[in-house]
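Single-letter residue listing:
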Amino acid sequence: MLIMVSSTFDQRVFSLVSRVPKGKVTTYGEVARALGMRSPRAVGQALKRNDRPISIPCHRVIMSDGRIGGYMGCERSGRKARLLGKEWVTVKNGKIDLRRYFFRLKGA
DNA sequence: GCCATGGCTAGTA
DNA sequence: GCCATGGCTAGTA
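Residues numbered from 1 in each chain as written. Chains lettered and ligands numbered in written order. Predicted model: local features only at pLDDT ≥ 70, side-chain atom pairs only at ≥ 80, totals over all residues. Heavy atoms only, no water.

1. Thoughts on the protein's contact with DNA strand C
Here is step 1: With respect to spatial proximity, the complete set of residues near DNA strand C consists of F9, M37, R38, S39, R41, A42, Q45 and R49.
Here is step 2: Expressed as a percentage, the sugar and phosphate content of the atoms of DNA strand C within 4 Å of the protein is 53%.
Here is step 3: With respect to DNA strand C, the side chain of R41 contributes an N or O atom lying 3.3 Å from a base oxygen.
Here is step 4: Looking at the surface near DNA strand C, its residues break down into three nonpolar, two polar and three charged. (Near = heavy atom within 4 Å. Polar contact = N/O pair within 3.5 Å; in protein donor to acceptor, adjacent residues only side chain to side chain. Nonpolar A, V, L, I, M, F, W, Y, C, P; charged D, E, K, R; others polar.)

As structure tokens, then:
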């Protein structure tokens, strides 16, 4: 494993998102906060540039109101919800219960 | 530098 | 409304 001297924004986002364990989710805003940033949208933009969707679980990053949010360019494909379902994170009425599944990230 | 682009959000109504 | 990113120019040298 190479030591990263300077991390690009994307890499820092990916690294943080990789810490979210199976069975939990976090939000775009939470990732931004942990990075000391103020732009949840920038986080979303970084995630869509994720080229390794398998090792970097961007399906575990959702909207702050519990809605699923986008995934691989398609919000309605059901792909994201299906992946979450496999991890026993249930979607009810289009929403995930953040009280139950929210994973708080430590600061970067 | 400027400007469009969002996988969004806090806070109204 | 926000605001970080990234792509793309005009305008210097």
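2. Comments concerning unusual backbone geometry
Here is step 1: In this structure, W88 takes a positive phi of about 65° despite not being glycine.
Here is step 2: Under the relative-accessibility criterion, W88 is labelled exposed at 70%.
Here is step 3: Of note in the backbone geometry, N93 takes a positive phi value of approximately 55° without being a glycine.
Here is step 4: With respect to the helices and strands, the residue N93 is situated in the loop between strand 3 (91-92) and strand 4 (95-96).
Here is step 5: The class of N93 is exposed, set by a relative accessible area of 78%. (Buried < 20%, exposed > 50% of the residue type's maximum accessible area, 1.4 Å probe, protein only. Helix = DSSP H or I, 4+ residues; strand = E, 2+ residues; numbered from the N terminus.)

3. A closer look at the environment of L16
Here is step 1: Here L16 shows up in helix 1 (residues 9-17).
Here is step 2: Contacts of L16, omitting those with residues within four sequence positions, involve V31, A34, L35, L105 and K106. (Contact = heavy atoms within 4.5 Å.)

Functional significance is not addressed by these values, which are geometric in nature.
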